[in-house]
Amino acid sequence: MANFSKSEKAILNKQAQILPDGALTRVPNWLSETEQTRLQQAMQDYPWESPEIKVFGRWHQIPRQQVWFAFEAASYRYSGKDHIALAMPQELRELCARINEQWGIEMNSVLLNHYCDGRDSMGWHADNESELAPNQPIVSLTLGAARDFILRHNTSKQRVKLPLNPGELLIMWPPMQHHWQHSVPKRASADPRINLTFRCLSALSESAADQQ
Ligand SMILES: O=C(O)CCC(=O)C(=O)O
Ligand SMILES: [Fe+2]
């Protein structure tokens, strides 16, 4: 029997939206309103910070708050800086386990971004750091207010605008991060939004270790 990859299986199951050089799965209302509220309450106690990052050789404070968790102690280098992961709280471990089970994937860390209002944003980037397992997707979950999430193809410059709503799960299957960038642009006004991106760090992944 053919050995299909995770992204090919999702496509075959018609769960994915096919794009040139990539595929997306969107699940509206993946998380119930009760669960969204419970999670947001727990998140109030997280150690949010707005670290400084290096852009074109200069240090700037990022226009949003972040916190990064992993299953085990880990370091992840992005935006010219090493970030040390904190131990993942129980409620996020449960969420991560649910995602892994549902999609047959191996997420083991999560980066949270808190956009307080329309001035908070995220610039164009791809989640393609060398620490991330290349054969695993990036899984995003939105809480709070909806915000536009824009994708742009690296060479054709094709754009896809996804208004991500609260409770919605978005999976970007490989090799999307190699061919597309994404951003969350500033808006004249927006209510607070929290986004979680689940990732697979190779260093913490058993299957990645098996392959070495
Ligand atoms: O807030 C979002 O929807 C995007 C977050 C993101 O791109 C990231 O954490 O890398
Ligand atoms: Fe990203």
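Residues numbered from 1 in each chain as written. Chains lettered and ligands numbered in written order. Predicted model: local features only at pLDDT ≥ 70, side-chain atom pairs only at ≥ 80, totals over all residues. Heavy atoms only, no water.

Moving on: the coordination of the iron ion (ligand 2). Donor atoms from the polypeptide that coordinate the iron ion (ligand 2) comprise His-125 (NE2), Asp-127 (OD) and His-182 (NE2), at 2.1 to 2.2 Å from the metal. Between the donor residues of the iron ion (ligand 2), the gaps in sequence give the motif H-x1-D-x54-H. With a gap of 57 residues between them, His-125 in strand E10 (residues 122-125) and His-182 in strand E15 (residues 180-184) connect regions that are remote in the sequence. There is no split in this pair, since His-125 and His-182 are both buried. (Donors = N, O, S within 2.8 Å, 3.2 Å for Na, K, Ca; no water. Helix = DSSP H or I, 4+ residues; strand = E, 2+ residues; numbered from the N terminus. Buried < 20%, exposed > 50% of the residue type's maximum accessible area, 1.4 Å probe, protein only.)

To continue, consider the UniProt feature "binding site: 2-oxoglutarate" (unreviewed entry) in the protein. When the UniProt feature table is mapped onto this chain numbering, "binding site: 2-oxoglutarate" (unreviewed entry) sits at Asn-113, Tyr-115, His-125, His-182, Arg-193, Thr-197 and Arg-199. Not counting residues within four places of it along the chain, the set of residues in contact with His-182 comprises Gly-123, Trp-124, His-125, Ala-126, Asp-127, Phe-149, Ile-150, Leu-151, Met-172 and Gln-177. Residues contacting Thr-197, with those up to four places away along its chain left out, are Ser-109, Val-110, Leu-111, Ile-138, Val-139 and Ser-140. (UniProt positions renumbered as here; feature names shortened; annotations may be inferred. Contact = heavy atoms within 4.5 Å.)

Turning to the pattern of salt bridges, a few remarks are in order. Throughout the structure, instances matching the rule amount to six salt bridges. Arg-26 is the salt-bridge partner of Glu-168, the closest N and O atoms lying 2.7 Å from each other. Of this pair, Glu-168 sits in the loop between strand E13 (159-164) and strand E14 (169-173) while Arg-26 sits in strand E2 (residues 22-27), and the two are 142 residues apart along the sequence. The class of Arg-26 is partly exposed, set by a relative accessible area of 31%. One salt bridge in this structure joins Arg-98 and Glu-35, with 2.9 Å as the shortest N-O distance. With Arg-98 in helix H3 (residues 90-103) and Glu-35 in helix H2 (residues 33-43), the pair connects residues that are 63 residues apart, well separated along the chain. Overall, the relative accessible area of 34% leaves Arg-98 in the partly exposed class. One salt-bridge network, in which partners are shared between bridges, spans Asp-148, Lys-161 and Arg-187. (Salt bridge = Lys/Arg side-chain N within 4 Å of Asp/Glu carboxyl O.)

All right, on to the UniProt feature "binding site: substrate" (unreviewed entry) in the protein then. Taking the UniProt record as the reference, the feature "binding site: substrate" (unreviewed entry) is found at Phe-56, Gly-57, Arg-58, Tyr-76, Arg-77 and Tyr-78. Tracing the backbone shows Gly-57 in the loop between strand E3 (52-55) and strand E4 (58-61). With respect to the secondary-structure elements, Arg-58 resides in strand E4.

Taken as a whole, this structure holds three aromatic pairs when the rule is applied. A centroid spacing of 5.1 Å and a plane angle of 80° characterise the contact between Tyr-46 and Phe-69, whose relative ring orientation is edge-to-face. Of the two residues, Tyr-46 is situated in the loop between H2 and E3 and Phe-69 in strand E5 (residues 65-70); the sequence distance between them amounts to 23 residues. Phe-69 shares its class with Tyr-46; the two are buried. Grouping aromatic residues by their ring pairs yields a cluster made of Tyr-46, Trp-48 and Phe-69. (Phe/Tyr/Trp six-rings, centres within 6.5 Å; stacked < 30°, edge-to-face > 60°.)

This paragraph deals with the side chain of Asn-113. Among the structural elements, Asn-113 can be located in strand E9 (residues 109-115). Here Arg-64 takes part through its side chain, which lies 2.8 Å from a polar atom of the side chain of Asn-113. (Polar contact = N/O pair within 3.5 Å; in protein donor to acceptor, adjacent residues only side chain to side chain.)

Our focus in this paragraph is H3. With 14 residues, H3 should cover 20 Å at 1.5 Å per step; its first-to-last C-alpha distance of 20 Å lies within 8% of that length. Inspection of H3 places Leu-92, Leu-95, Cys-96, Ile-99, Asn-100 and Trp-103 among the buried residues, and these make up the whole buried set. Here the buried residues of H3 occupy an arc of 135° about the axis, which is enough to place them on one side. Within two residues after H3, Gly-104 carries a phi angle of roughly 65°, on the positive side. (Expected span 1.5 Å × (residues − 1). Arc of directions from axis to C-beta.)

With that settled, consider the pairing of E15. Among the five residues of E15, four are classified as buried, and the element is accordingly described as predominantly covered. Note that E10 and E15 share two bridges and pair antiparallel. Residue pairing for E15: Met-122 is matched across the bridge by Val-184. Where strand E12 (residues 147-153) lies against E15, four bridges are found, and the strand directions are antiparallel. Counterpart to Ile-150 in the pairing with E15 is Ser-183. (Pairing = 2+ DSSP bridges.)

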